[in-house]
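Okay, here's what each chain looks like letter by letter:
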Amino acid sequence: MKQPRALTEPERAAVLEVLRSDRFVDKTPAEIQAILLDEGTYLCSVATMYRLLRAYGETGERRAQAEHPARVTPETWHRRPTSA
């Protein structure tokens, strides 16, 4: 049975669009909600934001991550003694 207070599909799409926007892509749902509340906008609860992100597999790290080159193990070079 569907919750009567559940977001409609257009409402879900609107929330996901905000969460995925360039402005908020590197912020947590709690940060996003705080910013939007300061601006006078309430979309949904933080729990609902997390639920929507989890449904689409987007709950991992949202910030851009630096990609470091693979480390190369240094090799030790020994000089061989020369025979005289």
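Bear in mind the structure is a predicted one, so any value in this text is a computation, not a measurement.

Focus on the environment of F24
Residue position: F24 is located in the loop between α1 (9-20) and α2 (29-38). Take F24: its relative accessible area is 3%, and that puts it in the buried class.

Notes on α2
For α2, the set of buried residues is P29, I32, Q33 and L36. The arc that holds the buried residues of α2, viewed along the axis, is 95°, so those residues lie on one side. In the core, the buried residues of α2 are packed alongside α1 and α3 (46-55). G40, located one to two residues past α2, shows a positive phi value of around 85°.

Thoughts on the pattern of salt bridges
Enumeration according to the criterion identifies 4 salt bridges in this entry. Between R12 and E9 there is a salt bridge, with its nearest N and O atoms 3.8 Å apart. One end of the pair is R12 and the other is E9, both in helix α1 and 3 residues apart, which spans about a single turn.

Here's the deal with the packing of α1 against α3
Across the interface, α1 lies against α3 with an axial gap of 10 Å and an inter-helix angle of 85°. Considering the angle they form, α1 stands roughly perpendicular to α3. Residues R12, V15, L16 and L19 of α1 pack against M49, L52 and L53 of α3. Looking at the contact of α1 with α3, its residues break down into 6 nonpolar, no polar and 1 charged.

Here's the deal with α3
Of all the positions in α3, only T48, M49, L52 and L53 are classed as buried. Take α3 and look down its axis: the buried residues cluster within an arc of 135°, on one side only. In α3, the exposed residues that point more than 90 degrees away from the buried face are R54 and A55. Considering only its buried residues, α3 is in contact with α1 and α2.

Thoughts on the confidence of the model for the protein chain
When the pLDDT values of the protein chain are averaged, the result is 86; 92% of them are 70 or greater. Across the protein chain, α2 holds the top mean pLDDT of 96, while α3 sits lowest at 94.

The rules behind the values
- For every chain, the first residue of its written sequence is number 1, and the numbers climb from 1 along that sequence.
- Where local features are concerned, this predicted model is filtered to residues with pLDDT of at least 70; where side-chain atom pairs are given and counted, the filter is 80 or more; whole-chain, interface and lining totals use all residues.
- Where side-chain values are given, they derive from all heavy atoms of the structure, hydrogens and water being excluded.
- Secondary structure follows DSSP: runs of H or I at least 4 residues long count as helices, runs of E at least 2 residues long count as strands, and numbering of each begins at the N terminus.
- Exposure categories follow from relative accessible area, calculated using a 1.4 Å probe and restricted to protein chains: below 20% of the type maximum is buried, above 50% is exposed, and the middle band is partly exposed.
- As used here, the arc is the angular range of directions from the helix axis to the C-beta atoms.
- By definition in these notes, contact holds between two residues if any of their heavy atoms fall within 4.5 Å.
- Whenever Lys or Arg places a side-chain nitrogen within 4 Å of a carboxyl oxygen from Asp or Glu, that contact is recorded as a salt bridge.
- Between N-to-C directions, angles cover 0 to 180 degrees, with each direction set by a line fitted to C-alpha atoms, over the stretch in contact for helices.
- Each angle is binned into one of four classes, with values under 35 degrees roughly parallel, values over 145 roughly antiparallel, values of 65 to 115 roughly perpendicular, and all other values oblique.
- Throughout, the ten residues Ala, Val, Leu, Ile, Met, Phe, Trp, Tyr, Cys and Pro are labelled nonpolar, Asp, Glu, Lys and Arg are labelled charged, and all others, Gly among them, are labelled polar.
- The pLDDT value tells you how sure the predictor is about a given residue, anywhere from 0 up to 100.

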